[in-house]
Amino acid sequence: MHRFRAYHALLVVLAVAAYATGEMGLVHAWLGYAVSAVLIGRVLWSLTGAPQLGLMRFYPQFAGLKLGSAMTHPAISRTLLLGIGISLIGVSATGIALDRGRSVGLGAESAVAVPGAKGSTEKQVEAATSPKDNRKHEEPEGPLSEVHEFLANLLAGLVSLHVAYLLLFKWPLARFMLFLDGAKR
């Protein structure tokens, strides 16, 4: 569980940083790719067979849900986790689709042209030497960009609910995940 807590902390730091750098172009894109890599690692990790790491943790089961114990029933946590997982995968996928590999050097616009080099077009040279290009990576506007932004905001809201729920109703688990458990090993 300590490795899971470390994974969770890494994902939180990367996702919050990606959200906070939404207007910083290239930095935002690299953080988004890092989040995607962590998500892929998590899926692969779930295939190891350990029950606490399995993807069934995201599937809400409503059996035994009663009004008196509704706030502490696992279905609430699992429903929030499912929403967070879907939003996180969606925002990562739309971010990758918007970037089309440019930020990691795989897209057509990522080729760096050297002034005077054979085969370099004037537009490539201008883009490669432009101070604007070095400062900010422009994200295309359009419907996919709107979906990306919507999913990012949805993710932020669901994460806020998740944190509030854990702090209010699952304090021992919240203490453990926030490294407030007295560093028990």
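Residues numbered from 1 in each chain as written. Predicted model: local features only at pLDDT ≥ 70, side-chain atom pairs only at ≥ 80, totals over all residues. Heavy atoms only, no water.

Chemist: I tried to follow helix 3 (residues 74-99) on my own but got confused; where do I start?
Modeler: In an α-helix there are 3.6 residues to a turn, and that puts residues three or four apart on one side. With 26 residues, helix 3 should cover 38 Å at 1.5 Å per step; its first-to-last C-alpha distance of 37 Å lies within 8% of that length. Within two residues after helix 3, Arg100 carries a phi angle of roughly 55°, on the positive side. (Helix = DSSP H or I, 4+ residues; strand = E, 2+ residues; numbered from the N terminus. Expected span 1.5 Å × (residues − 1).)

Chemist: Hey, could you run me through a negative patch on the surface in this one?
Modeler: Negative charge collects at one region of the surface, where Glu23, Glu141, Glu146 and Glu149 lie side by side. Among the secondary structure elements, Glu149 is positioned in helix 6 (residues 143-169). (Patch = residues over 30% accessible without salt bridge, like charges linked within 9 Å, V, L, I, M, F, W, Y side chains within 5 Å. Areas by Shrake-Rupley, 256 points an atom, 1.4 Å probe, with all protein chains shown as cover. Salt bridge = Lys/Arg side-chain N within 4 Å of Asp/Glu carboxyl O. Lys, Arg positive; Asp, Glu negative; His and termini not counted. Charge placed at Lys NZ, Arg CZ, Asp CG, Glu CD.)

Chemist: How should I be thinking about the side chain of Arg5 in this particular structure?
Modeler: Here Arg5 lies in helix 1 (residues 2-20). On the accessibility criterion, Arg5 (5% relative accessible area) is buried. From its side chain, Arg5 meets the backbone oxygen of Phe176 in a polar contact 2.8 Å long. Non-local contacts of Arg5, meaning those with residues more than four positions away in its chain, are made with Phe176, Met177, Phe179 and Asp181. (Buried < 20%, exposed > 50% of the residue type's maximum accessible area, 1.4 Å probe, protein only. Polar contact = N/O pair within 3.5 Å; in protein donor to acceptor, adjacent residues only side chain to side chain. Contact = heavy atoms within 4.5 Å.)

Chemist: Teacher, can you tell me more about the environment of His148 here?
Modeler: Mapped onto the secondary structure, His148 falls in helix 6. Judged by relative accessible area, His148 falls into the buried class, the value being 10%. In the structure, His148 is positioned 57 residues away from Val91 in sequence and 5.2 Å away in space, judged by C-alpha atoms. In this structure the side chain of His148 is engaged in a polar contact, spanning 2.8 Å, whose partner is the side chain of Thr94.

Chemist: Can you help me understand the packing of helix 3 against helix 6 in this one?
Modeler: The packing of two helices is summarised by the inter-axis angle and the distance between the axes. Between helix 3 and helix 6, the least distance of the axes is 8 Å, while the angle of their chain directions is 155°. Taken together, the axes of helix 3 and helix 6 lie roughly antiparallel to each other. Note on packing geometry: the crossing formed by helix 3 with helix 6 is left-handed. The residue makeup of the contact of helix 3 with helix 6, split by class, is 18 nonpolar, 9 polar and no charged. (Axes fitted to C-alpha atoms, helices over the stretch in contact; angles between N-to-C directions. Parallel < 35°, antiparallel > 145°, perpendicular 65-115°, else oblique. Left-handed = near helix turned anticlockwise from the far one by under 90°. Nonpolar A, V, L, I, M, F, W, Y, C, P; charged D, E, K, R; others polar.)

Chemist: Would you mind showing me how to read the nonpolar core here?
Modeler: In this structure, Tyr7, Leu11, Val35, Leu88 and Val91 are the most contacted members of the largest nonpolar core, which totals 23 residues. Contributions of two or more residues to this core are made by helix 1, helix 2 (26-46), helix 3, helix 6 and helix 7 (171-177). The greatest single-element share of this core, amounting to 6 residues, is contributed by helix 6. Filtering out sequence-adjacent residues up to four positions away, Tyr7 remains in contact with Val38, Arg42 and Trp45. (Core = buried A, V, L, I, M, F, W, Y, C linked by side-chain atoms within 4.5 Å.)

Chemist: What exactly am I supposed to notice about unusual backbone geometry here?
Modeler: Among all residues save glycine, negative phi is the norm, and among peptide bonds the norm is trans. Of note in this structure, Arg100 is not a glycine but carries a positive phi near 55°. By the element assignment, Arg100 lies in the loop between helix 3 and helix 4 (122-129). Of note, the phi angle at Phe179 is positive, near 60°, even though the residue is not glycine. On the secondary structure map, Phe179 appears in the segment after helix 7. You can call Phe179 partly exposed: its relative accessible area is 47%.

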